[in-house]
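# Observations on the model geometry
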Amino acid sequence: MQKISEEEARSLGIETKYDLMDNGESRFRLNCSADGSSYCRTVASESGAWQNSHYHKSVSEFYVVQSGWIVYAEKKEGEFKLRLLREGESTTFGPLVHHNIYLSSKSVIHTIKYGEPVMNDWFPSPELDKLTKHLYPSELFSL
């Protein structure tokens, strides 16, 4: 096996990116610019928090809960739903499905984006934020 350098990976359209988000999450990304796919490991903050509601026009997102739990909110064709996912469970959001994720304290999730390669295919969903940001999952589900 031969190691691939970061420089060589970048020349092939592969980049890594690490961010501390405003809600306290740590995100570790692997982006593949050539086909628009990406992988992200997200580690929640000490207190847990909602992400920002959004949707995509061309890509789908597959979420897997490694540890802890998440609650996801989805708004599709005017229908709003909330669902709890525990360790080992997963869900997928297709294009144009507005969604938001609440990560429990210190939970770890994996997100894979795939689909049509479009730059900047992330659109805010303020209407879903209004439905979710004030909700506390512990009041909605038996955790």
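Structure first, text after, so check above.
These figures come from a predicted structure and were not determined experimentally. (Residues numbered from 1 in each chain as written. Predicted model: local features only at pLDDT ≥ 70, side-chain atom pairs only at ≥ 80, totals over all residues. Heavy atoms only, no water.)

### Thoughts on the pattern of salt bridges
- Under the definition given, this model contains six salt bridges.
- E6 serves as the salt-bridge partner of R10, at 3.8 Å between the closest nitrogen and oxygen. With R10 and E6 both in helix α1 (residues 6-11) and four residues apart, the pair spans about one turn of that helix.
- Using a relative accessible area of 46% as the deciding quantity, one classes R10 as partly exposed.
- By relative accessible area, which is 58% here, E6 ends up exposed.
- In this structure, K113 engages E61 in a salt bridge whose closest nitrogen and oxygen atoms are separated by 3.7 Å. With a gap of 52 residues between them, K113 in strand β11 (residues 108-115) and E61 in strand β6 (residues 59-67) connect regions that are remote in the sequence.
- Exposure remark for K113: the relative accessible area of 22% places this residue in the partly exposed category.
- Its relative accessible area of 3% is what places E61 among the buried residues. (Salt bridge = Lys/Arg side-chain N within 4 Å of Asp/Glu carboxyl O. Helix = DSSP H or I, 4+ residues; strand = E, 2+ residues; numbered from the N terminus. Buried < 20%, exposed > 50% of the residue type's maximum accessible area, 1.4 Å probe, protein only.)

### Describing the pairing of strand β1 (residues 14-20)
- Where β1 and strand β2 (residues 26-32) come together, seven bridges link them in antiparallel fashion. Along β2, the bridge assignment pairs Y18 with F28. (Pairing = 2+ DSSP bridges.)

### Regarding unusual backbone geometry
- With phi around 50 degrees, E77 is a residue other than glycine that occupies positive phi space.
- Here E77 lies in the loop between β7 (69-76) and β8 (79-86).
- Despite not being glycine, K106 has its phi angle at roughly 60 degrees, a positive value.
- Counting through the fold element by element, K106 comes out in the loop between β10 (98-103) and β11.
- Look at K106 and you get partly exposed, because its relative accessible area is 49%.

### As for the nonpolar core
- With 11 residues, the main nonpolar core is built from A44, Y63, V65, I70, Y72, L85, F93, V97, I101, L103 and I109.
- Contributions of two or more residues to this core are made by β6, β7 and β10.
- Once you skip the residues sitting within four places of it in the chain, A44 turns out to touch E25, L103, S104, K106 and S107.
- Among the nonpolar cores identified, the runner-up in size contains eight residues, and V71, L84, Y102 and L135 belong to it. (Core = buried A, V, L, I, M, F, W, Y, C linked by side-chain atoms within 4.5 Å. Contact = heavy atoms within 4.5 Å.)

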